[in-house]
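Geometric and topological summary
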Amino acid sequence: MPQSNGSISIGSGVVVSGISRSFSQAAANQLNTSQSTLGQLTALQNYSTQIDNLFGTTIGGLSTSLQSFYSAFSDVANAPTSTASRQALLGKAQSVAGSFQAASSELNTLNADVNSRITADVTQINSIATAISALNKQIVVGTAQDGGQAPNELIDQRDQLVSNLSQLVGVSTTTDSNGALNVFVGNGQPPRAEVEIPGMR
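Residues numbered from 1 in each chain as written. Predicted model: local features only at pLDDT ≥ 70, side-chain atom pairs only at ≥ 80, totals over all residues. Heavy atoms only, no water.

Structural notes on the overall build of the protein
- Counting secondary structure elements, the protein contains four helices and four strands.
- Listed N to C, the secondary structure of the protein is β-β-α-α-α-α-β-β in terms of helices and strands.
- Against the globule reference of 17 Å for 201 residues, the protein gives a C-alpha radius of gyration of 31 Å, more extended than a compact globule.
- Principal-axis analysis of the C-alpha atoms gives the protein an extent of 120 × 45 × 20 Å.
- With 201 residues in all, the protein has 26% of them scored as buried.
- Excluding contacts between residues fewer than 6 apart, the proportion of contacts in the protein whose partners are at least 24 apart in sequence is 47%.
- For the protein, the exposed surface amounts to about 13,300 Å²; the carbon and sulfur share of it is 56%.
- Of the charged side chains in the protein, 8 are positive and 12 negative, and the gap between their average positions amounts to 7 Å. (Helix = DSSP H or I, 4+ residues; strand = E, 2+ residues; numbered from the N terminus. Rg over C-alpha atoms; globule rule 2.2 N^0.38 Å. Buried < 20%, exposed > 50% of the residue type's maximum accessible area, 1.4 Å probe, protein only. Contact = heavy atoms within 4.5 Å. Areas by Shrake-Rupley, 256 points an atom, 1.4 Å probe, with all protein chains shown as cover. Lys, Arg positive; Asp, Glu negative; His and termini not counted. Charge placed at Lys NZ, Arg CZ, Asp CG, Glu CD.)

Topic: the packing of aromatic side chains
- Tallied over the entire structure, the rule returns two aromatic pairs.
- A ring pair is formed by Phe69 and Phe73, whose centres lie 5.9 Å apart and whose planes are at 75°; its orientation type is edge-to-face. Of this pair, Phe69 and Phe73 both sit in helix α2 (residues 62-78), four residues apart, which is roughly one turn of the helix.
- Judged by its relative accessible area of 18%, Phe69 is buried.
- The exposure class assigned to Phe73 is partly exposed, which follows from its relative accessible area of 45%.
- One aromatic cluster is present, formed by Phe69, Tyr70 and Phe73 through successive ring pairs. (Phe/Tyr/Trp six-rings, centres within 6.5 Å; stacked < 30°, edge-to-face > 60°.)

Thoughts on the packing of α2 against helix α3 (residues 83-145)
- One way to put it is that α2 packs onto α3 with a least axis distance of 9 Å and a crossing angle of 160°. Between α2 and α3, the crossing angle belongs to the class labelled roughly antiparallel. Viewed along their axes, α2 and α3 form a crossing whose handedness is left-handed. Residues Leu62, Ser65, Leu66, Ser68, Phe69, Ala72, Phe73, Asp75 and Val76 of α2 pack against Ser85, Arg86, Ala88, Leu89, Lys92, Ala93, Ser95, Val96, Ser99 and Phe100 of α3.
- When its residues are assigned to classes, the contact of α2 with α3 shows eleven nonpolar, five polar and three charged. (Axes fitted to C-alpha atoms, helices over the stretch in contact; angles between N-to-C directions. Parallel < 35°, antiparallel > 145°, perpendicular 65-115°, else oblique. Left-handed = near helix turned anticlockwise from the far one by under 90°. Nonpolar A, V, L, I, M, F, W, Y, C, P; charged D, E, K, R; others polar.)

A short note on the environment of Gly186
- Tracing the backbone shows Gly186 in the segment after β4 (181-185).
- On the basis of relative accessible area, Gly186 is assigned to the partly exposed category, the value being 43%.
- Considering only alpha carbons, one finds Gly186 and Phe100, 86 residues apart in sequence, at a separation of 37 Å.

A word on the pattern of salt bridges
- Counted according to the given criterion, the structure contains three salt bridges.
- Asp156 is paired through a salt bridge with Arg21; the nearest N and O atoms lie 2.7 Å apart. Of this pair, Asp156 sits in helix α4 (residues 152-166) while Arg21 sits in the loop between β2 (8-10) and α1 (25-55), placing them 135 residues apart in sequence.
- Using a relative accessible area of 27% as the deciding quantity, one classes Arg21 as partly exposed.
- A network of salt bridges, in which partner residues are shared, links Arg21, Asp156 and Asp159. (Salt bridge = Lys/Arg side-chain N within 4 Å of Asp/Glu carboxyl O.)

Distances and angles like these do not, on their own, reveal function.
Okay, structure coming up:
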């Protein structure tokens, strides 16, 4: 309340009654879902493009080599006494064999790359999960100590970690009455259908 000083009133300042977050959980969930979908589609496009280059109709692909081989085979069938046609067929056969060997090598490389990325992603997921778990504990304790006032900065940090996690794997969340956030990886079904990560459900 202002202090009266004769004909004028002088303000005595303000009291902050509380701080609230301007935040939409529905929008955050939609963003996380979109990021998960984008990550999956990007990875799928990346590897499918590489496989398509191996077996598709691009120059140097296995399909191109096979077409050339069958064309040479047709030439021999049309002129079986032609030495040049038979030599060309043998050359195309060696080219097809080389293409199969190159495709096998490329597939092995892709397989190793996929396994390496999965290992790196799992390590990062575990790291994020541990950080979310630690923030959960701080938020629950902080809310209780401040008489129900949520520690907004910690909640912002936790939401950012959940957003980062959604870029690696599909997630869904629920919030307990004490402020703790339950994070479910995958489809959120019982443990049979999901990977259990320390600090997460």
